[in-house]
Every structure is written in structure tokens, then in C-alpha cells.
Amino acid sequence: MFYRAFLWFRTAVFYCLLILWTLFYPSLILLSIYFVPRKYRHRYAVVTWCSVALALVRVICGIRWQVEGKENIPDRSCVILSNHQSTWETFYLQTVFSPQSTVIKKELLNIPFFGWAFRFLSPIAINRSDRNAAMHQLIDQGTHFLKEGNSVLIFPEGTRQDWPNLGKFSRGGAMLAKKAEVNVVPVVHNAGRCWPNGKWLKTPGVITVKIGSPIASEDKSTTVLSKQAYEWVSENQKTLD
């Protein structure tokens, strides 16, 4: 009982500090973003905000991480396909692949301060209620940003899954990689063990992240490319505790 109450207290402290950080830093971004060259804006704004958020969850909640496959991070833009279990990976993967254009829900742009600042960071803000329009937008804007040198992070399951479940992969990420003629980089993790989907408490522990070798999109159909990424994620997820 005492241990659970302690976890509740630590989680509450984490969220209070995260809210304060979210109010402060986006306000600073809004005042200064015009003075930052476009190619450095993601690192200046998103990577900095996410790095502090990750530091807070590490120090306060005891959530640490280890990464395998850093040598597979490409020097050029790519499409990142990752499994989706919590909010943690949305923070962490921003710090690994930069610059990056993030696929987000359009509604997030309306959040005061945070959403207003995000508008300056080349997001791909889609309307999930219109799947066809969202797919066209992903392909068109994603291709543009990839050719500009920004990687694109996609969670092909669509929604968060409870650990250790793995949902079906949509083919949008593979279609984008084919259209832009870039590689797919598969990523798998077990963040749901420490930061469970839809739950308040954060549990101390070590998250393992695996980054796979880039998968070339040339001479492959969208179906084959998506299947290769899914199979890599599925097989490597079995090796995580």
C-alpha cells in the first residue's frame, strides 16, 4: 500500500513539473522561433522539450532506457515505423531522429502554447476522421518533408497497444517510403511495461529500444515492404522482457 502511494506521489510530481515545463518552453519558442533557421527548429524546439521531459521521468519516476542498434540510424532522411504503447516513445524517438516531421492529430495544433508552437515545426497534422484525405496528406506532405531532409515518424498500428500486444500495420508508412524513395527504419520497444497505455502510474524500470537496419524501398511492393517491417518488429518484440 505504501509503495503504491509512493508511486502515485512520484507520478503526480512528474506531471506537475511537465505541465510547468510545457507552459514555459513553448512560450519561449513562440517568442524566438523566427530567429532560428528552419533546419535547426526541430532540434531547438522539439528535441529540447522532449529531452527535459525524459529527464524528468527518469529522475522522478525511475524510468530508464537502453538502446540497441544505434549504428543503424541513417545519415539521410527515412520513414521510421515503430510499435506504439505509450507516450514515452513519442518523446524519445523525437530525440533520436532529427530533424523530423511528426504525424499528429490535427486537434493538437489547437492546444494553447504547445499546439501554437508546433505549427512552426513542419508537422503533418491529419484529420483522422477522414482516412482517405489523411492518407493523401501523409503521402504528399511526407514526401515533401522527406526530400527536404526531414525524417517522418509513423506508428503504423494507429492506436496504442497494451504490452505485449502488437496490432496490424497500416501500409501508409510503406507507401510514403516508396513514393519518396527512402528507406524504412523499423523500431521496437517495451515502453508499455513502465508507462502503460491509459494508466496514471509510472513504474520504475528499464525500457529497451531496438533500432533495426534500414530496409530499402526500391524494387519492393508496398505490401512486401510493410510486411518486412512488421515481421522485424514482431520477431524482435519477442526478445524483450
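Shown above is the structure to which this text applies.
Participant: Would you take a moment to explain the overall build of the chain for this structure?
Facilitator: When helices and strands are counted, the chain shows seven helices and seven strands. Across its three principal directions, the C-alpha atoms of the chain cover 55 × 45 × 35 Å. Counting all 241 residues of the chain, 51% fall into the buried class. Restricting the contact set of the chain to residue pairs at least 6 apart, pairs at least 24 apart contribute 74%. Measuring between centres, the 28 positive side-chain charges of the chain sit 7 Å from its 16 negative side-chain charges.

Participant: What is the right way to read the state of the cysteines from this model?
Facilitator: In a disulfide, the sulfur atoms of two cysteines are held together by a covalent bond. Applying the stated criterion to the full structure yields zero disulfides. Not engaged in a disulfide, the cysteine Cys16 finds its nearest cysteine sulfur in Cys61; these two sulfurs lie 11 Å apart. Cysteine Cys61 shares no disulfide, and the gap to the nearest cysteine sulfur, in Cys194, comes to 10 Å. Given the relative accessible area of 1%, Cys61 is considered buried.

Participant: Looking at this model, I keep getting lost on the side chain of Lys210. Mind explaining?
Facilitator: Along the chain, Lys210 falls in strand β7 (residues 205-211). Classification of Lys210 by relative accessible area gives buried; the value is 13%. Polar side-chain contacts of Lys210 include one of 2.6 Å to the side chain of Thr239. Each residue touching Lys210, except ones within four places of it in the same chain, is listed here: Glu68, Pro186, Val187, Val188, Trp232, Asn236, Thr239 and Leu240.

Participant: Please explain the pattern of salt bridges as it appears in this structure.
Facilitator: Charged atoms that come close allow side chains of opposite charge to pair. If you walk through the whole model with that rule in mind, you get three salt bridges. With its nearest N and O atoms 4.0 Å apart, the salt bridge here joins Lys210 to Glu68. Of the two residues, Lys210 is situated in strand β7 and Glu68 in strand β1 (residues 63-68); the sequence distance between them amounts to 142 residues. Across the pair Lys238 and Glu235 runs a salt bridge whose closest N-O atoms are separated by 3.3 Å.

Participant: What is the right way to look at the nonpolar core in this model?
Facilitator: For soluble globular proteins, nonpolar side chains are generally found buried alongside one another. Counting residues in hydrophobic clusters, the biggest one holds 41 residues, and the most contacted among them are Phe14, Trp49, Trp88 and Phe97. Those elements that place two or more of their residues in this core are α1 (2-32), α2 (38-61), α3 (88-96), α4 (114-118), β6 (184-189) and β7. Residue contributions to this core peak at 10 residues, all from α2. Contact partners of Trp49, with chain neighbours within four places excluded, come to Leu18, Trp21, Thr22, Tyr25, Pro26 and Phe91.

Participant: Sorry, what's going on with a nonpolar patch on the surface here?
Facilitator: Taken together, the side chains of Phe2, Tyr3, Phe6 and Phe9 present a nonpolar region at the surface, about 520 Å² in accessible area. The class of Phe6 is partly exposed, set by a relative accessible area of 35%.

Participant: Explain unusual backbone geometry to me, please; I cannot follow it from the model alone.
Facilitator: Most peptide bonds are trans, and most residues other than glycine sit at a negative phi. Along the chain, Ser98 connects to Pro99 via a cis peptide bond; the corresponding omega equals 5°. Backbone torsion omega between Trp163 and Pro164 reads 5°, so that peptide bond is classified as cis. Note that Pro164 resides in the loop between β5 (151-154) and α6 (172-180). Positive phi values are uncommon outside glycine, yet Glu181 reaches one of about 60°. The residue Glu181 is located in the loop between α6 and β6 in this model. On the basis of relative accessible area, Glu181 is assigned to the exposed category, the value being 54%. Even without being a glycine, Asp219 presents a positive backbone phi close to 60°. With respect to the helices and strands, the residue Asp219 is situated in the loop between β7 and α7 (222-237).

Participant: Quick question: what am I supposed to make of the sheet that holds β5 here?
Facilitator: Taken together, seven strands build an open sheet; the order of strands is β1-β7-β6-β2-β5-β3-β4 and the sheet is mixed. Every other strand in the sheet has two partners, leaving β1 and β4 (124-126) as the edge strands with one partner each. When the angles between neighbouring strand axes are averaged without regard to direction, this sheet yields 25°. Here strand β3 (residues 100-105) pairs with β5 via three bridges, running parallel. Of the residues in β5, the one forming a bridge with Ser101 is Val152. Lying over the sheet, α2 contacts β1 and β3, oriented at roughly 120° with respect to β1.

Reading the values: the criteria
- In every chain, residue numbers begin from 1 and rise along the written sequence.
- Given that this is a predicted model, residues contribute local features only at a pLDDT of at least 70 and side-chain atom pairs are listed and counted only at 80 or more, while totals for whole chains, interfaces and linings are drawn from all residues.
- Here the side-chain values reflect all heavy atoms present in the structure, with hydrogen atoms and water set aside.
- Here a strand is any run of E in DSSP of at least two residues, a helix any run of H or I of at least four, and the numbering for each starts at the N terminus.
- Note on classification: 1.4 Å probe, protein chains only; a residue is buried when its accessible area is under 20% of the maximum for its type, exposed when over 50%, partly exposed between these limits.
- Contacts between residues were defined by any pair of non-hydrogen atoms, one from each residue, lying within 4.5 Å.
- Positive: Lys, Arg. Negative: Asp, Glu. His and the chain ends are not part of the count.
- For this purpose, a charge sits on NZ of Lys, CZ of Arg, CG of Asp or CD of Glu.
- Disulfide: a pair of cysteine sulfur atoms within 2.5 Å of each other.
- We define a polar contact as two N or O atoms separated by no more than 3.5 Å, with the added condition that, inside protein, one atom must be a possible hydrogen donor and the other a possible acceptor, whereas residues neighbouring each other in sequence contribute only through side-chain atom pairs.
- We define a salt bridge as a contact between a side-chain nitrogen of Lys or Arg and a carboxyl oxygen of Asp or Glu at a distance within 4 Å.
- Buried Ala, Val, Leu, Ile, Met, Phe, Trp, Tyr and Cys residues that are joined via side-chain atoms within 4.5 Å together make up what is termed a nonpolar core.
- Only residues whose relative accessible area exceeds 30% and that form no salt bridge are eligible for patches; like-charged ones are grouped when within 9 Å, while nonpolar side chains (Val, Leu, Ile, Met, Phe, Trp, Tyr) are grouped when within 5 Å.
- In this description, accessible areas are obtained by the Shrake-Rupley approach with a 1.4 Å probe, and a residue is regarded as covered only by the protein chains that are shown.
- By the convention used here, strands pair only if DSSP detects at least 2 bridges between them.
- Lines fitted to C-alpha atoms define the axes, with helix axes restricted to the stretch in contact, and inter-axis angles between N-to-C directions lie between 0 and 180 degrees.

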